[in-house]
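Summary of structural features
Spelled out, the chains give:
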Amino acid sequence: MSRIGLTLLLPTLFSTVAFAQALPPAAAPAEAPAGTEAADMSAAAEADTDAVLPVDTQTQINDLRERMLDLEQRLDQTRQVATARRPIVSVSGYVDAGFFATQGTGAGIIQDSGAAGARAYPEYMNRYGWVFLGDILSTAVNSRGEAADLGEFAGIDRFDSVNSNGAPGFIINEVNLTLNAALSSSALATASVNFVPRSGHDFNIGDFVEVDIAQLEWMATRDGRTSIFVGKFDSVIGIEYRERKASQRFGITPTLMARYTTGTPIGLKVRSKFLDGDRIVVAAALTNGSSTTEQFHFYDEVDSNAGKTASGRLSVKPAPALDLEIGLSGEYGSQDRALDSLDPMWFWGVDLLGHVGPVDIKAQYLRGRSEGERADRVYDPNHRPYGLDLKNGGYLEVDWMITPVVGVYGRGELRDALVWLGNPDTLTGTGNDRLYITKSWRAVGGVRAVINEHIVLKAEYLHNGEYGRIPEIANDVFTSSLLLIY
Amino acid sequence: MNGARNFPICARFVMAMTVAFAPFSVVAAEKEKTAELPPPTGADFARLQREVAEQRQLIIEMMRVEQQRYDMLLRLLQSGGQLPPTASLPPPVTPPAGTTGTPPPAGTGGGSAVASTSKGSGGERVGTVSGKVDVRNGSVKDAYVYVDMAKGSSGRGHTLEIKQKDKQFWPQTAVVQKGTNIIFPNMDSVFHNVFSTSGRNSFDLGSYRQGDTPRSVVLTTPGVVEVFCNIHAKMNAAILVVPGPLFAKVGADGSYKIDNVPVGARRIVAWSPSAKPAQQKIDVGSGGGQANFTLDVEAAKAHTNKLGQPYGSYKE
């Protein structure tokens, strides 16, 4: 050390020693319990125990320490205030606005009419009053699955919510409001309500409100792996119900299978997860009606018969290293809309969900049947059950987030089904009987841009194709969606 | 000794005090503002906690440095102006092994200076604590043993990175010294919202995704910090914040060893995220000490989101 440095340091040192002699030794800190703030202070005090500091320094440190304790106390009090003010109900939801354009009239079906020689399916001539070809919900323009148009057919009165007549246009698809209320640390009440603005007619404003979810979820076990649901809840069939809402869906439109699996029935549901990583999940539900959507032909919000629908799903993740889930699901119950419980309605299917990095793969296969009207029975005109023969239905979808902002997706679909009202063996070509013959395939491609966690833009093109004897229908759709999530 | 070390001590002290008081002026200004502001948010908490942590660390660091400086000057005086070969200014604190994202290997102390001498670097008498940890009612992935109330340098200035990838935290278990800065980069294309409601270490980093600037938090209070994502219920991590550098990871055979434990009555704690912590008080002599533990595995418990609500079950 240089002589100059020593000269500078020595007076300071001597003054320090002099001050130290005048000071009483610092009191030893009391030991504080582990994990408390006192431990910090104690550690600070321990470090201080052997220090010999000038009196003004000691005063300043004491002052600092006191102010720090005040600050910490204020922090604790503020936290308590904030915790006490924490709302019991949290509000979320979204606004889904879009623009769409369709081919043709926007309808996904055409009528098979005229002379037998002009018909695609002459064998149904004189057996049903109306025979329609195609898929009535194929021209979906939004995540609700609403068709651009249901078509104009004499004698058929339907609630055509979009009713675009083939014109391109802007649309507010849905305004969703979701309320979550923690009734306890293991009970959550959820209500999801959709506000749907639509064109009115006959002095009616046309807008409607739809209660989508109204459920209580109780986590019955301490580990939270078993939940019991009561109310109006998501179905247990397949996997598409998980992303049926616009804010959850990677793309825009639902698949051709969604009408069978993404309804929200009313009843009781139980779900349990087993093994490490939830490798086995079992879900079962007992509900009024099936898991079909309300805008399709089969749905009972409030049951009109005593027979309930039992449904279930078993999913397995075969290997922990693979992010892959394989599911088997099905349901069985009285057919919807019927006044009696004599005839069944059922679905079964398999599904697959895999993740490979930023790529999601989703697939599902489904079959189902509902008997419809029997020839030997008379039905209430307001409770006539539709018949269904879903011979084959399925889809394969690949979603890829190329960057955190931009993603693309593609989907291939198939639906081979018959839906009918009335029984041709008893009612031959008269009355309200109708038949829908669907042999459809669909190719969907789209892009999404996640601007931030509150704004998502999507654009999608649906090419609807027909096969078999059904002629090609001009029913492609371009649609887009701007999601404002709150 | 270099020129910087010759800088007058009183001037250094004034500088240290200036730095120490600076946050108080910020806090005072904030206090005036908050009188008219709405109820505090998670960000307010985080800021307030950071300020408290900075205050605390500044005081502790300042006192530690000053004490060592006085010690050095005394030795200098006693040696007649000649510094002994070992004398130097307080060395920079070396991060413990656990703060690299990889827990320290079994049998080594978490601190930077691991030596089997009977005296620590500060000249105090130290010993080695060792023992075995058994597990009852199941198995645990990671277990640690640490010396509670251990005097030593904080983790201020150290960082640990916990990644969010494939909707999981990596690593899911970590041990850090108090004052360590934990950075949470999001490697997923989806948004995550990292938060904790663990007492004074509670924080809420808000939502961000891959490519966004990773957000971080300084953990200042010893204890267990449970970390979750507000969006994905299955994401969880546990961070043990220890008061000092004296900790070790339990080896596969259940053994552990912590060196440089100051002699005297010490509380030794065994911890694993999936078990109930076990602790015992032992007398550490210069010959060391022995502490064996049995950890009881606890059943997993559901957690709530940052609003204290159970997670909706179908949103993942």
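Counting from 1, residues in each chain are numbered in the order their sequence is written. The naming scheme follows written order: chains are lettered A onward, ligands numbered 1 onward. Restriction of local features to residues with pLDDT of at least 70 applies here, the model being predicted, together with a cutoff of 80 or more for giving and counting side-chain atom pairs; totals for whole chains, interfaces and linings are based on all residues.

Observations concerning the overall build of chain B
Counting secondary structure elements, chain B contains 2 helices and 19 strands. Three exposure classes are used, all based on how many other C-beta atoms lie within 10 Å of a residue's own C-beta (placed from the backbone): buried at 20 or more, exposed at 12 or fewer, and partly exposed between those limits. Going through the 316 residues of chain B one by one, you find that 42% of them count as buried. Considering only contacts within chain B whose residues lie at least 6 apart along the sequence, 65% involve residues at least 24 apart. Think of it this way: any DSSP run of H or I at least four residues long counts as a helix, any run of E at least two long counts as a strand, and we number them from the N terminus. Note on contacts: residues are paired as contacts if their backbone-placed C-beta atoms lie within 7 Å.

Some words on the nonpolar core
One finds Tyr144, Val145, Ile239, Phe247, Ile258 and Ala270 of chain B to be the most contacted residues of the largest nonpolar core, which totals 59 residues. If sequence neighbours within four positions are ignored, valine 145 of chain B has contacts with Val133, Phe247, Ala248, Val250, Tyr256, Ile258, Ile268, Val269 and Ala270 of chain B. We define the nonpolar core as any set of buried residues of the types Ala, Val, Leu, Ile, Met, Phe, Trp, Tyr and Cys, connected via C-beta atoms lying within 7 Å of each other.

Topic: the environment of asparagine 260 of chain B
Summarising the element assignment, asparagine 260 of chain B is placed in strand β14 (residues 255-262). Once the C-alpha coordinates of asparagine 260 of chain B and glycine 288 of chain B are considered, the two residues, 28 residues apart in sequence, prove to be 9.1 Å apart.

A word on the pairing of strand β11 (residues 324-334) of chain A
Residues and elements named next belong to chain A. Summarising the sheet, strand β10 (residues 309-316) and β11 pair through 7 bridges and their orientation is antiparallel. Of the residues in β11, the one forming a bridge with leucine 314 is leucine 328. Note on pairing: DSSP must find at least two bridges between two strands before they are called paired. In the sheet, β11 pairs with strand β12 (residues 344-356) via 11 bridges, with the strands oriented antiparallel. Paired with glycine 333 across the two strands is methionine 345, which belongs to β12.

What to know about the environment of alanine 283 of chain A
All names here are of chain A. Locating alanine 283 in the fold gives a position in strand β9 (residues 280-287). Judged by local crowding, alanine 283 falls into the buried class, with 23 C-beta atoms found within 10 Å. Once the C-alpha coordinates of alanine 283 and isoleucine 237 are considered, the two residues, 46 residues apart in sequence, prove to be 9.3 Å apart.

A look at the domain arrangement of chain B
Residue and element names in this part refer to chain B. If you check the domain split of chain B, you get domain 1 (4-78), domain 2 (105-152 + 244-299) and domain 3 (154-243). In terms of residue count, strand β2 (residues 144-148) provides more of the side of domain 2 that touches domain 3 than any other element does, 3 residues in total. Of the residues in the side of domain 2 that touches domain 3, the class split is 8 nonpolar, 2 polar and 3 charged. Each domain span listed reflects an automatic or database assignment of domains. Just so you know the grouping, Ala, Val, Leu, Ile, Met, Phe, Trp, Tyr, Cys and Pro go in nonpolar, Asp, Glu, Lys and Arg go in charged, and all remaining residues, Gly too, go in polar.

Here's the deal with the pairing of strand β4 (residues 169-184) of chain A
Residue and element names in this part refer to chain A. Bridging between strand β1 (residues 89-102) and β4 involves 12 bridges; their strand directions are antiparallel. Bridged to phenylalanine 99 within β4 is phenylalanine 170. Sheet topology note: the β4/strand β5 (residues 187-196) ladder contains 9 bridges and is antiparallel. By the bridge assignment for β5, leucine 179 is matched with alanine 191. The hairpin turn running from β4 into β5, its antiparallel successor, is 2 residues long.

With respect to the sheet that holds β2 of chain B
Residues and elements named next belong to chain B. Spatially, β13-β2-β15-β17 is the arrangement adopted by the 4 strands of the open sheet, whose pairing is antiparallel. Strands at the two margins of the open sheet, each flanked by one partner only, are β13 (247-249) and β17 (278-284). With strand direction ignored, the average angle separating the axes of adjacent strands in the sheet is 20°. In this structure, β2 lies alongside β13, joined through 3 bridges in antiparallel fashion. Among the inter-strand pairings, tyrosine 146 is bridged to a residue of β13, identified as phenylalanine 247. Comment: axis = line fitted to C-alpha atoms, over the contacting stretch for helices; angle = value between 0 and 180 degrees taken between N-to-C directions.

Re helix α3 (residues 55-84) of chain A
What a helix is expected to span follows from its residue count: subtract one and scale by 1.5 Å. End to end, α3 of chain A covers 43 Å across 30 residues, agreeing with the expected 44 Å (1.5 Å per residue, within 8%). Residues of α3 of chain A that are buried include every one of Ile61, Met68 and Glu72 of chain A, and no others.

Structural notes on unusual backbone geometry
With an omega of -5°, the peptide bond between tryptophan 170 of chain B and proline 171 of chain B qualifies as cis. When you line up the elements, proline 171 of chain B lands in the loop between β5 (168-170) and β6 (173-177). Here aspartate 202 of chain A, not a glycine, exhibits a phi torsion of approximately 55°, which is positive. For aspartate 202 of chain A, a count of 5 C-beta atoms within 10 Å corresponds to the exposed category. A positive phi angle, near 65°, is found at leucine 275 of chain A, a position not held by glycine. As for its placement among the helices and strands, leucine 275 of chain A is situated in the loop between β8 (266-274) and β9. When the 12 C-beta atoms within 10 Å are taken as the criterion, leucine 275 of chain A is described as exposed.

What about the environment of glycine 327 of chain A?
All names here are of chain A. Relative to the assigned elements, glycine 327 resides in strand β11. Since 20 C-beta atoms lie within 10 Å of it, glycine 327 is described here as buried. Each C-alpha atom, one on glycine 327 and one on isoleucine 280, is 9.6 Å from the other, the two residues being 47 residues apart in sequence. When near neighbours in sequence (up to four residues on either side) are disregarded, glycine 327 contacts Ile239, Arg313, Leu314, Ser315, Val350 and Asp351.

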